[in-house]
Amino acid sequence: MPFVQIKKQYLAFAMLLFVALFLFNSRPAFQCQYTTEMPVSYLPTIYGITPTYARLAQKADLTRLSQTLMLVKNFHWIVIEDSETKTPLVANLLKESTLKYTHLNAKTHKSKQSTASGVEQRNEALNWLRNHLSSATDKRGVVYFMDDDNTYSLKVFDEMRKIKNKVGVWPVGIVGGMRVEMPLVTDGKVSGYNAVWKPFRPFPIDMAGFAINATLFLDHPEAKFSRKVQSGFQESEILKYFATKDDLEPLAENCTKVYVWHTRTQKPSILDPKKLKHPPLPDGHIEV
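Predicted model, so just to flag it, every value in this text is computed and none were measured.

Scoring rules and cut-offs
- Residues numbered from 1 in each chain as written.
- Predicted model: local features only at pLDDT ≥ 70, side-chain atom pairs only at ≥ 80, totals over all residues.
- Heavy atoms only, no water.
- Phe/Tyr/Trp six-rings, centres within 6.5 Å; stacked < 30°, edge-to-face > 60°.
- Helix = DSSP H or I, 4+ residues; strand = E, 2+ residues; numbered from the N terminus.
- Lys NZ or Arg CZ within 6 Å of the ring centre and 35° of its normal.
- Core = buried A, V, L, I, M, F, W, Y, C linked by side-chain atoms within 4.5 Å.
- Buried < 20%, exposed > 50% of the residue type's maximum accessible area, 1.4 Å probe, protein only.
- Contact = heavy atoms within 4.5 Å.
- Pairing = 2+ DSSP bridges.
- Axes fitted to C-alpha atoms, helices over the stretch in contact; angles between N-to-C directions.

A.B. asks: Any chance you could break down the packing of aromatic side chains for me, citing the residues and the numbers?
C.D. replies: The full count for this structure, using the stated rule, is ten aromatic pairs. Relative to F233, the ring of F200 lies with its centre 6.1 Å away and its plane at 40°, an arrangement referred to as tilted. Of this pair, F200 sits in the loop between β9 (189–194) and β10 (210–213) while F233 is found in the loop between α6 (216–219) and α7 (234–239), placing the two residues 33 residues apart along the sequence. Ring pairs connect the aromatic residues F75, Y144, Y152, F157 and W170, which therefore count as one cluster. R122 extends its terminal NZ or CZ atom over the ring of F225, reaching a point 5.6 Å from the ring centre. When the ring centre of Y42 is taken as reference, the NZ or CZ atom of R140 above it lies at 3.8 Å.

A.B. asks: I'd like a description of the nonpolar core, backed by residues and values.
C.D. replies: Of all hydrophobic cores here, the largest spans 34 residues; its most connected members are F145, V167, F210, I212, F217, I238 and F242. Once you skip the residues sitting within four places of it in the chain, I238 turns out to touch L126, F210, F217, A223, K224 and F225. Counting 30 residues, the second-largest nonpolar core is a separate cluster that includes I46, L65, V90 and Y259.

A.B. asks: Please provide a residue-by-residue account of helix α3 (residues 88–97), values included.
C.D. replies: Along α3, the residues that are buried comprise L89, V90, A91, L93, L94 and S97. Contacts made by the buried residues of α3 are with α2 (58–69), β2 (75–81) and β3 (100–105). Where α3 ends, the next residue or the one after it, T98, has phi of about 70°, a positive value.

A.B. asks: Mind laying out the sheet that holds β2, listing which residues take part and the relevant values?
C.D. replies: Sheet architecture is open: seven strands sit in the order β3-β2-β1-β4-β10-β6-β11, paired in mixed fashion. Unpaired on one side and paired on the other, β3 and β11 (248–250) mark the two borders of the sheet. For this sheet, the mean angle separating the axes of adjacent strands, direction not counted, is 25°. Where strand β6 (residues 167–169) meets β10, three bridges bridge the pair, whose relative direction is antiparallel. Note that in β10 the partner of V167 across the bridge is I212. Docked against the sheet, α3 engages β2 and β3, running at close to 170° with respect to β3. With respect to the sheet, helix α4 (residues 119–135) is in contact with β1 (45–52), β2, β3 and β4 (141–145), its orientation differing from that of β1 by roughly 150°.

A.B. asks: Let's hear about unusual backbone geometry: which residues, and what values?
C.D. replies: Here the phi dihedral of A252 falls at roughly 55°; this positive angle occurs in a residue that is not glycine. Mapped onto the elements of the fold, A252 is located in helix α8 (residues 252–255). In this model, C255 sits at a positive phi of 60°, which is unusual for a non-glycine residue. In this structure, C255 sits in helix α8.

Structure representation (structure tokens):
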């Protein structure tokens, strides 16, 4: 009997060992894998400069844009309000965005010479940028002027990081009365422009269609937008400080791909409650 009991004990031990080995080997493969993150290659900082102004669709536009920018690595958003003071709406939106940002304000002072928008706001951002870069250890980066209601593919940010020297350019969709406004490229160089709206402009491209090497703003402290220049010529005004046509670097597969669209939010049509037979409940206490 003792011998039989010993055999049963060995048999039970063997069965337990078998079950343990079976459970160990049947675990999902990822449970026994150990991975370390690969080192991320250097990504130049993109400084996105966005003027904005108070309107009913402002929060909606900024929300949509901010959630695109959350997916862009190493991005610094400079938002400038057309206002005497910074508003709680924009301040709270930026705080909640988790983005790295700078919040500025500058009031527009339009003149008879020019009704161009965003002049004072972009110049305020450039003042901040120069002060920031002058004290920064790493001054490398890219400057991109962004409207708050345009539509941006993530690919456009990848493209602008390819700028080697001065200014990179690419097509812009739905702008200037065209399906696409774009630089024309011959043998890897910009040879002309496909534009119908005032094609005699020195640089007939949209603000969304180029980005500038950030260090150039330190090399050219005089570079800024001008209240003396009409709308549509502000692009040429800023680019003239940095480049000629021969200096432009065609990106987005030699300017054959559209990664940004000059979309515009339609002004909302809101009914006047006073003119309604059955007015809705007051909603002025709700931020929209």
